There are 2 protein chains.
Amino acid sequence: MTQREAYARLVEIDRQIVLIDHMEATLYWDQEISLSPLGLEERSVQLGYLAQLRHDLASSPEMGEVLAHLEGLNDASDVELGLIRIRRREYEKMRKLPVLLVRSISEQGARAHNSWVAARKAGDWSLFSGDLSSMVTLVREKATLLKQEGGCLYDGLLQEFEEGIRTDQVAQLFSEIKEPLISLVDRFSSKTVDSSFLYGSYPIEQQQMFANEVLKAMQFDFQRGSCAVSVHPFTTTIGSDDIRITTRYTDPSVMDSFSSTVHEGGHALYEMGASNAALKGTSLAVGASLGMHESQSRLWENMIAKSPEFWHFYYPRFKALFPVQTAGISEDQFVIAINKVERTPIRVNADEVSYSLHVMLRFNLEQMIINGEVSINEVPEAWNAEHRSLLGFTPASIKEGVLQDVHWSSGDFGYFPTYALGNLYGAQIWKKVKEDLPVSSLLQSGNLGTISDYLKTSIYERGAINTGLETLEKVTNRGLDASLFTSYLEDKFSRLFG
Amino acid sequence: MTQREAYARLVEIDRQIVLIDHMEATLYWDQEISLSPLGLEERSVQLGYLAQLRHDLASSPEMGEVLAHLEGLNDASDVELGLIRIRRREYEKMRKLPVLLVRSISEQGARAHNSWVAARKAGDWSLFSGDLSSMVTLVREKATLLKQEGGCLYDGLLQEFEEGIRTDQVAQLFSEIKEPLISLVDRFSSKTVDSSFLYGSYPIEQQQMFANEVLKAMQFDFQRGSCAVSVHPFTTTIGSDDIRITTRYTDPSVMDSFSSTVHEGGHALYEMGASNAALKGTSLAVGASLGMHESQSRLWENMIAKSPEFWHFYYPRFKALFPVQTAGISEDQFVIAINKVERTPIRVNADEVSYSLHVMLRFNLEQMIINGEVSINEVPEAWNAEHRSLLGFTPASIKEGVLQDVHWSSGDFGYFPTYALGNLYGAQIWKKVKEDLPVSSLLQSGNLGTISDYLKTSIYERGAINTGLETLEKVTNRGLDASLFTSYLEDKFSRLFG
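What you see is a predicted model; the values in this text were computed from it and never measured. (Residues numbered from 1 in each chain as written. Chains lettered and ligands numbered in written order. Predicted model: local features only at pLDDT ≥ 70, side-chain atom pairs only at ≥ 80, totals over all residues. Heavy atoms only, no water.)

1. A look at the overall build of chain A
Each helix and strand counted, chain A has 20 helices and 3 strands in total. For 498 residues, the compact-globule estimate of 2.2 N^0.38 gives 23 Å, and chain A sits close to it at 23 Å. Based on the C-alpha atoms only, the size of chain A along its principal axes is roughly 70 × 50 × 50 Å. Per-residue burial over chain A gives 58% buried out of 498 residues. Per element, the accessible surface of chain A, about 19700 Å² overall, is 52% carbon and sulfur. Of the side-chain charges in chain A, 47 are positive and 66 negative, and the distance between the mean point of each set is 2 Å. (Helix = DSSP H or I, 4+ residues; strand = E, 2+ residues; numbered from the N terminus. Rg over C-alpha atoms; globule rule 2.2 N^0.38 Å. Buried < 20%, exposed > 50% of the residue type's maximum accessible area, 1.4 Å probe, protein only. Areas by Shrake-Rupley, 256 points an atom, 1.4 Å probe, with all protein chains shown as cover. Lys, Arg positive; Asp, Glu negative; His and termini not counted. Charge placed at Lys NZ, Arg CZ, Asp CG, Glu CD.)

2. Overview of the relation of the copies chain B and chain A
The transform that puts chain B on chain A rotates by 180 degrees and translates by 0.0 Å along the axis, for an RMSD of 0.0 Å. Seen this way, the second copy is the image of the first under a two-fold rotation axis. When you check the interface residues of chain B against chain A, 100% turn up at the interface there too, and the contact is symmetric in its surfaces. (Least-squares fit on C-alpha atoms with pLDDT ≥ 70 in both. Contact = heavy atoms within 4.5 Å.)

3. Re the UniProt feature "active site" (unreviewed entry) in chain A
All names here are of chain A. Cross-referencing UniProt, the feature "active site" (unreviewed entry) maps to Glu264 in the present numbering. Mapping Glu264 onto the fold places it in helix 10 (residues 254-274). Beyond its immediate sequence surroundings of up to four residues, Glu264 is in contact with Pro233, Phe234, Thr235, Ile245 and Thr246. Looking at Glu264, its side chain comes within polar contact range of the side chain of Thr235, at 2.7 Å. (UniProt positions renumbered as here; feature names shortened; annotations may be inferred. Polar contact = N/O pair within 3.5 Å; in protein donor to acceptor, adjacent residues only side chain to side chain.)

4. Description of the side chain of A:Gln159
Residues and elements named next belong to chain A. Among the structural elements, Gln159 can be located in helix 7 (residues 153-161). Of note is the side chain of Gln159, whose polar atom sits 3.0 Å from the backbone oxygen of Ile165. The residues contacting Gln159, other than those within four sequence positions of it, are Arg89, Gln148, Gly164, Ile165 and Arg166.

5. Brief notes about the sheet that holds strand 1 (residues 225-229) of chain B
Residue and element names in this part refer to chain B. Reading across from one edge, 1-3-2 is the order of the 3 strands in this open sheet, with mixed pairing throughout. Here the strands that pair on one side only, and so sit at the sheet edges, are strand 1 and strand 2 (235-239). Each neighbouring strand pair of the sheet contributes to a mean axis angle of 25 degrees, computed without reference to strand direction. Note: strand 1 against strand 3 (residues 242-247), 5 bridges, orientation parallel. Bridging across to strand 3, Val229 finds its partner in Thr247. Packing of helix 10 (residues 254-274) onto the sheet brings it into contact with strand 1, strand 2 and strand 3, and relative to strand 3 it is tilted by some 165 degrees. (Pairing = 2+ DSSP bridges. Axes fitted to C-alpha atoms, helices over the stretch in contact; angles between N-to-C directions.)

6. Comments concerning the packing of aromatic side chains
All names here are of chain A. Inspection of the entire model under this criterion finds 66 aromatic pairs over all chains. With centroids separated by 6.1 Å and ring planes inclined at 40 degrees, the aromatic side chains of Phe197 and Phe334 adopt a geometry described as tilted. With a gap of 137 residues between them, Phe197 in the loop between helix 8 (167-188) and helix 9 (204-217) and Phe334 in helix 13 (residues 331-338) connect regions that are remote in the sequence. Residue classification places Phe334 among the buried residues on the basis of a relative accessible area of 0%. Ring plane angle 40 degrees and centroid distance 6.4 Å describe the contact between Phe258 and Phe310, whose orientation is recorded as tilted. (Phe/Tyr/Trp six-rings, centres within 6.5 Å; stacked < 30°, edge-to-face > 60°.)

Right, here's the structure in full:
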């Protein structure tokens, strides 16, 4: 087998894996949107069957042989190197993790999910702590197997979600923004802002019309995707040419639904751009990393769709659709209201300034849990202590505290930091966009297409050829600089609130 | 390998095949309900991938070996014999049909579908005839490979859809009902019936409320299925505990949507009953045959939900939901209107009396086409000639004639007869139900559950243990008697129209 032949075979197997990924996404989509109450058990069996098929392809002896042939491949393009990197990474990971452990985590996840739901409902940690404890034992085993020479236990988990980033790097970045964020929250949460009109009755049909107009302006391609309604908003790639988002209309504020649509729209633009002629159907036709993905969803959600310039164009349209609900509310009042800074206990509804503090809390706690520095029984109090230190108050109840997020029940330790990394990546990219494009006037004239095109060419179309951090460095010509995020916030919120 | 071991292995492989069937059904469902316009190409590749997986399992050397071990299995139950029969039948079929031929038919089907759409739009046969001709060549090749000793060419196609029934048997059954049906149409289509109020404006939300009330009374289990909206109504088994139906609200008459929901509801009850503790997850957990399936959908649609007794209970509820639309229309007028007999060109909207004549037309023509007794160019005129002979008039246009049905474009020759067989099975079963249950008073009191339970125990729960014809004979203790269908019609319509 020549290296060329080996690469061709790698591409063939990879295409099958992607096909299975997309079928799996379709089954999950159907589970969220249409599955009957009693259909869940068999759906799990179907998903297990596909997971096995996928595992067999990605970690087969043939894959090992092909990858061995591709060691030190000469004359390779970016795309080729990217694909080899991804397939090697997954091959090695799968060889390290026994199938039995993977299955145990998945099964324990189903159990722990149920006890998390029960504990949250009852506000009783003890209903969850046993299953969480079993899960942590399994996750620690996984972390040990994934741990690399010289790294720490948490590294193995973190790098599942953000390739090539070390725990100490994240800790350093977070420590740089911690004090500035706390002081920004202090400063801006003291302002009195009336946002009550956002909680009025906004008919869903008009909300959809408005959101669709913005999605179209963002260049969301309705020939290659759609927007549906689900309990929790998400984005999924059902096929190279079928990228779907969902939203919900049950949140109390009209801005929650809209923000959520734009957020998922940002994820979808990335996926649509990554599935281009060069990458389509391969494992490279996705976002570079979770953090990079989140940078784009949050860039569209916050930096664009919560900016005064955006609303300078869109507020008259919004007002025309909701004349009664916005009666007497000026453009300035509206923009101030949607950017209100507040100390609140719930991460998902947090404002742009305090959001990352919620993530830092979880990052700190996850390390303590994985390293065994805190027992599972002590976690709620440790949560509250971190919460007081970062957000300045104790959550009123455990439901608003440690039981608010679902992630730990499924064993997803290492996932949370990518949310805050996304904010950092996003701010650095946004600065670069503003250097290269007349963003302010584009937004004021409703021209989102030019910004979308820029991001498509410079980021989306590169897919996963590079890691998230490498992609950031290629796009902005510099390493990650956390201070850009806090200076972005300082600038924006000073202009808004003085 | 002992016979017990062989059977256990057969069950294991069969469960995998069923899992793939259900995943395939999910992908098709998604295609009908949510797929983006550009997502179709990759979806075809996904479906092809699953078809290949399924083919490999069902026709593997291991399957051959297992089946050989099971030859002449002693002490076998009904269920075991049924499963062996089904797996052997499919194994032999797949060994007979080259994969290349199956793929060619599928690919030619995609082409022919497009040209059928174009031809229908333009009303121009020549746009379709070339692709149909190629399809017929492929189908004839398939029929030749499937043809059994002593059978005719059409047998091989017919038995794809209705196991164990010969063409000459169907021809004999149809010849017995032909003249009686023509004379019934003559007699009842002469009556003047006002059905214009059925074409008024009926809000969809109320239509759904009414249909759901009836589905619940039929014992459609909403924990194990749902009802959605699609372009063409259908029923699909997404999983053993997830059986879904669709309907549409674009038909001109309110009865079209309701009939369609009840029709698909009948199919769904059969599937729900077949997925019971004993058969769930195996290939036996489906209807016995297409004809038997259609008998149940049409039994619920026509014999139950178009009977005067049914509406004696439901018309007051219908009237309460649609007071304006039904103002001044008595129960008798309503029942007469929904049972109007009319010479119309379109099969899918045909009344209960003339429907089977439309099927006979296609059955006659399909044989002529497969046997080469008519050239593809001559088909439209042959259609019109048959149409005159059976329905007494020439369709006004080719769109209302030979181009009305999609089936031939996908190569589904042999499928149509099962629609009329369903009517025959249904009438014979309905007679038996009426012998065993006080049907008239059950319907008049809205007690559909007792009828549903009866059908569940006697038919649905047997699944595909036996063929359609065998199931009929077990349930009614007699062979198929076509005259029961015409005497059912004679009786019902005489009572309605005198």
